[in-house]
Amino acid sequence: MKKDTHPDYHMITVKMTDGSSFQTRSTWGEANGTLVLDIDPTTHPAWTGGGQKILDRDGRVGKFNKKFESFLGESSKKDSSEKNTSKDKAQEKTDS
C-alpha cells in the first residue's frame, strides 16, 4: 500500500448551535481544532419537523386534473358532485 495517501485522521471538537460540544475523530481541519456548526440536528427543520406547510393551490394536483380531465371522463366529476350533494343532504338533516 502506498504511504501518505490517506488524510490525517485526528481528534476535533464539534460545537453545536446551543453551545454544547463533543469530541470526535475527523479529517477536517487540524488536530484539536474546533468545528462550529451553523445548522445542526437540534435546529434544522429537516430533523425537528417544523416550519413547513405543504399547500397545493392549483399546483401539481390541479394541473394533473386539468390535463387528464377528458381522460378521467364524466364519472370523476359525477363522483365528486355526488359526494357534495350527499354532504349537503346530511347537513340539511342535521339542521332540521
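For the structure given in this document, a descriptive report is provided here.

The rules we used
- Residues numbered from 1 in each chain as written.
- Predicted model: local features only at pLDDT ≥ 70, side-chain atom pairs only at ≥ 80, totals over all residues.
- Heavy atoms only, no water.
- Patch = residues over 30% accessible without salt bridge, like charges linked within 9 Å, V, L, I, M, F, W, Y side chains within 5 Å.
- Areas by Shrake-Rupley, 256 points an atom, 1.4 Å probe, with all protein chains shown as cover.
- Salt bridge = Lys/Arg side-chain N within 4 Å of Asp/Glu carboxyl O.
- Buried < 20%, exposed > 50% of the residue type's maximum accessible area, 1.4 Å probe, protein only.
- Helix = DSSP H or I, 4+ residues; strand = E, 2+ residues; numbered from the N terminus.
- Lys, Arg positive; Asp, Glu negative; His and termini not counted.
- Polar contact = N/O pair within 3.5 Å; in protein donor to acceptor, adjacent residues only side chain to side chain.
- Contact = heavy atoms within 4.5 Å.
- Pairing = 2+ DSSP bridges.
- Axes fitted to C-alpha atoms, helices over the stretch in contact; angles between N-to-C directions.

Nonpolar side chains collect at one region of the surface, where Phe64, Phe68, Phe71 and Leu72 lie side by side and expose about 420 Å² of accessible area between them. On the accessibility criterion, Phe64 (44% relative accessible area) is partly exposed.

Moving on, we come to unusual backbone geometry. Positive phi values are uncommon outside glycine, yet Asp4 reaches one of about 60 degrees. Phi is positive for Asn32, close to 65 degrees, though the residue is something other than glycine. Secondary-structure assignment places Asn32 in the loop between strand E2 (21-26) and strand E3 (34-36).

What follows is about the side chain of Asp40. Relative to the elements of secondary structure, Asp40 occurs in the loop between E3 and helix H1 (45-48). Summary of buried charges: Asp40 has no salt-bridge partner, and the nearest side chain of opposite charge, Lys15, is 11 Å away. At 2.5 Å, the side chain of Asp40 and the side chain of Thr42 are in polar contact. Once you skip the residues sitting within four places of it in the chain, Asp40 turns out to touch Met16, Thr17, Asp18 and Trp47.

Now for the side chain of Ser26. Mapped onto the elements, Ser26 comes out in strand E2. Here Trp28 takes part through its backbone nitrogen, which lies 2.9 Å from a polar atom of the side chain of Ser26. Here Ser26 is in contact with Asp8, Tyr9, His10 and Ile12, once residues within four sequence places are set aside.

Turning to the sheet that holds strand E1 (residues 10-15), a few remarks are in order. Judged by pairing direction, the sheet is mixed, and its 3 strands sit side by side in the order E2-E1-E3 without closing on themselves. A strand with exactly one partner marks an edge of an open sheet, and here the two such strands are E2 and E3. On average, each strand axis in the sheet is inclined to that of its neighbour by 35 degrees, with strand direction left out of account. As defined by bridge partners, E1 adjoins E2 across 6 bridges and the pair is classed as antiparallel. Looking across to E2, one finds that Val14 is bridged to Phe22.

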